[in-house]
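# Results of the structural survey
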Amino acid sequence: MPHLLNKPWVRATLAATVVTGLAIGISGSTYASESEGGDAAKARPHSKKKCVTSLEGWTEETMQHFRIGPANPYPVQNVGEALIYDDLIFDENDKEVGHAVGYVNAVRRAADGDLITTYNHTVELPEGNLTGVGLVNRTEMFAGAEATFHVKGTSGAYAGKTGTLKWTLLQSPPDFDTRVSLDLKLCG
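To start, this report covers the structure provided alongside it.

What counts as what
- Residues numbered from 1 in each chain as written.
- Predicted model: local features only at pLDDT ≥ 70, side-chain atom pairs only at ≥ 80, totals over all residues.
- Heavy atoms only, no water.
- Helix = DSSP H or I, 4+ residues; strand = E, 2+ residues; numbered from the N terminus.
- Buried < 20%, exposed > 50% of the residue type's maximum accessible area, 1.4 Å probe, protein only.
- Polar contact = N/O pair within 3.5 Å; in protein donor to acceptor, adjacent residues only side chain to side chain.
- Phe/Tyr/Trp six-rings, centres within 6.5 Å; stacked < 30°, edge-to-face > 60°.
- Disulfide = S-S within 2.5 Å.
- Pairing = 2+ DSSP bridges.
- 1 Å grid on protein atoms, 1.4 Å probe; cavity = no way out; pocket = protein on both sides within 12 Å on 5 of 7 lines; lining within 4 Å.
- Points joined across faces, edges and corners; volume = space filled by probe spheres on them.
- Nonpolar A, V, L, I, M, F, W, Y, C, P; charged D, E, K, R; others polar.
- Salt bridge = Lys/Arg side-chain N within 4 Å of Asp/Glu carboxyl O.

A separate point is the side chain of D86. Mapped onto the elements of the fold, D86 is located in strand β3 (residues 82–90). Overall, D86 belongs to the buried group, its relative accessible area being 8%. Polar contacts involving the side chain of D86 include one to the side chain of H99, which spans 2.4 Å.

Okay, structure coming up:
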């Protein structure tokens, strides 16, 4: 497999993903408040956002990756390990319709031993692009729990909208050809 970091589009996308992820993380503290009915939602009682849930039956699959750390039994299983991934997105008819790139980094172990990871994820879909970040319990995700990313639309029909993108593994434990189901909810 060619070294993905030697490809200019990977370096550019990774840089943009990290910068956007940091910006969302710094300025996006209202994501949790808005989604949980917190102070941000109360501060704008007259603001009614139209929300749309889409991508029903859509899946995402990793096609290429570059990892830091051992591959056995699966990459990113210990603190300090990381992975850059290049994924394809398929619609409900299994037709390739989109593309995603991202970076996952194992940052710590929880008190119960679960592995906690950060994700920076950029997605290109037929209606537009979005980028997102997530703090994911990788141990629980590998056991079948949903992983949630806070996303912001950056172009097309998604521009300026915010919401969540959820992944659920379709096979546990996963292999590299294991797909995740996608659930996208955007408001704006």
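Right, picking up where we left off after that structure.
Two descriptors summarise a pair of aromatic rings, namely the distance from one centre to the other and the angle between the planes of the rings. For the structure shown, the criterion picks out six aromatic pairs. Measuring from centroid to centroid gives 5.3 Å for Y119 and W167, while their planes differ by 85°, and the two rings are edge-to-face. Of the two residues, Y119 is situated in strand β5 (residues 115–125) and W167 in strand β8 (residues 162–169); the sequence distance between them amounts to 48 residues. Residue class for Y119 comes out buried when judged on its relative accessible area of 3%.

On to the state of the cysteines, then. A full pass over the atoms with the stated rule returns one disulfide. The disulfide that involves C51 links it to C187, with 1.9 Å between the sulfurs. Residues C51 and C187 are joined through a disulfide that is right-handed, its torsion about the S-S bond being 110°. Of this pair, C51 sits in strand β1 (residues 51–54) while C187 sits in strand β9 (residues 180–187), and the two are 136 residues apart along the sequence. Since its relative accessible area comes to 39%, C51 is described here as partly exposed. In this structure C187 comes out as buried when scored by relative accessible area, which is 13%.

Turning next to the pairing of strand β2 (residues 59–68). Pairing of β2 with β3 involves nine bridges; the strand directions are antiparallel. Within the sheet, the bridge partner assigned to F66 lies in β3 and is I84.

The next subject is empty space enclosed by the protein. Inspection of every chain in the model, using the stated rule, returns two cavities of 30 Å³ or more. When its volume is computed, the largest cavity comes out at roughly 230 Å³. Forming the walls of the largest cavity are 19 residues, and the residues nearest its centre are T62, Y74, Y119, W167 and V180. Counting only elements with at least two residues in the lining of the largest cavity, the list comes to β2, β3, α4 (138–142) and β8. Among the residues making up the lining of the largest cavity, the classes are represented as 12 nonpolar, two polar and five charged.

Further remarks concern unusual backbone geometry. Residue P173 is reached from S172 by a cis peptide bond, and omega for that bond is -5°. Assignment of secondary structure puts P173 in the loop between β8 and β9. Within the chain, L55 stands out as a residue other than glycine whose phi angle is a positive 75°. Note on placement: L55 falls in the loop between β1 and β2.

A few words now on the pattern of salt bridges. Should their charged atoms come close, side chains of opposite charge can pair. A full pass over the atoms with the stated rule returns three salt bridges. Between E61 and R179 there is a salt bridge, and its shortest N-O distance comes to 3.0 Å. Taken together, the residues E61 in strand β2 and R179 in the loop between β8 and β9 connect sequence positions 118 residues apart. Among the salt bridges present, the one from K166 reaches E146, with a minimum N-O distance of 3.7 Å. You can see K166 sitting in strand β8 and its partner E146 sitting in the loop between α4 and β7 (147–153), a full 20 residues away along the chain. Looking at E146, the relative accessible area reads 46%, which means it is partly exposed. Connected through shared salt-bridge partners, E61, D94 and R179 make up one network.

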